[in-house]
Amino acid sequence: HIGDLYADYCHDAEKQDRTPVSRSTFFRGVKAVVDDVQRGADACLLLPPQPFGETLEIDYVGQQLQLTMGDGKQQDFWICVLTWPASGLVYAQPITRQGTLETCTAILDGLRLFGVRPRLLRSDNARSMVLAHDKGDAAILNQSFMAFMDELDIGVVPTNPRAPSS
């Protein structure tokens, strides 16, 4: 029943010590998705049901961003993006390189900001996390990255090569 959606959402938010959006805001969002589906919009994405905050996804924005620093000099940054699916939580952090230390720092900063520690991290096959991953084979994970994730008690699930949505 549609009315149960908001109650389930509020319950999940409460378990994570988060403040839910108002009922009217929630149902405006539901209506927007329903309208998109009815129009046949390509942008509609239906996610499998999962507990709030259980999975964290990480990726890098494909193009570098040039920022002017305090001294007036330009510096290029990659943007590391973390999302908690179906939660509305997104964290983006500029990093100077897509290395393991920078990636781990961005993950830790995002976890601290939102206070939501997931059970799983779904990653692409970036070298900072995955050393090798041939289609159909198990991924070989970066040991430094895995030690960090083990300390946080978060499992890592790399996506399949050349199939990031699978």
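Throughout what follows, the structure given in this document is the object of discussion. Remember, predicted model here, so these are calculated numbers, not experimental data.

1. Concerning the pattern of salt bridges
Counted under the stated rule, the structure contains 3 salt bridges. One salt bridge connects R97 with E102, and the closest N-O pair in it is separated by 3.7 Å. On the basis of relative accessible area, R97 is assigned to the exposed category, the value being 51%. Owing to a relative accessible area of 16%, E102 belongs among the buried residues under this scheme.

2. Some remarks on unusual backbone geometry
The phi torsion at D153 lies on the positive side, around 60°, for a residue other than glycine. By secondary structure assignment, the location of D153 is in the loop between α4 (143–152) and β8 (155–158).

3. Considering the packing of aromatic side chains
If you walk through the whole model with that rule in mind, you get 1 aromatic pair. Here the aromatic rings of W84 and F114 are separated by 5.2 Å at their centres, their planes lie at 70°, and the arrangement is edge-to-face. Remark: F114 occurs in helix α3 (residues 100–114) and W84 occurs in strand β3 (residues 74–84); sequence separation between them is 30 residues.

4. A look at α3
For α3, spanning 15 residues, the distance from its first C-alpha to its last is 21 Å, which sits close to the expected 21 Å at 1.5 Å a residue. Among the residues making up α3, those that are buried are T100, E102, T103, C104, A106, I107, G110, L111 and F114. Elements in contact with the buried residues of α3: β1 (55–60), β3, β4 (89–95), β5 (120–123) and α4. Backbone geometry just after α3 places G115 at a positive phi near 65°.

Cut-offs applied
Residues numbered from 1 in each chain as written. Predicted model: local features only at pLDDT ≥ 70, side-chain atom pairs only at ≥ 80, totals over all residues. Heavy atoms only, no water. Salt bridge = Lys/Arg side-chain N within 4 Å of Asp/Glu carboxyl O. Buried < 20%, exposed > 50% of the residue type's maximum accessible area, 1.4 Å probe, protein only. Helix = DSSP H or I, 4+ residues; strand = E, 2+ residues; numbered from the N terminus. Phe/Tyr/Trp six-rings, centres within 6.5 Å; stacked < 30°, edge-to-face > 60°. Expected span 1.5 Å × (residues − 1). Contact = heavy atoms within 4.5 Å.

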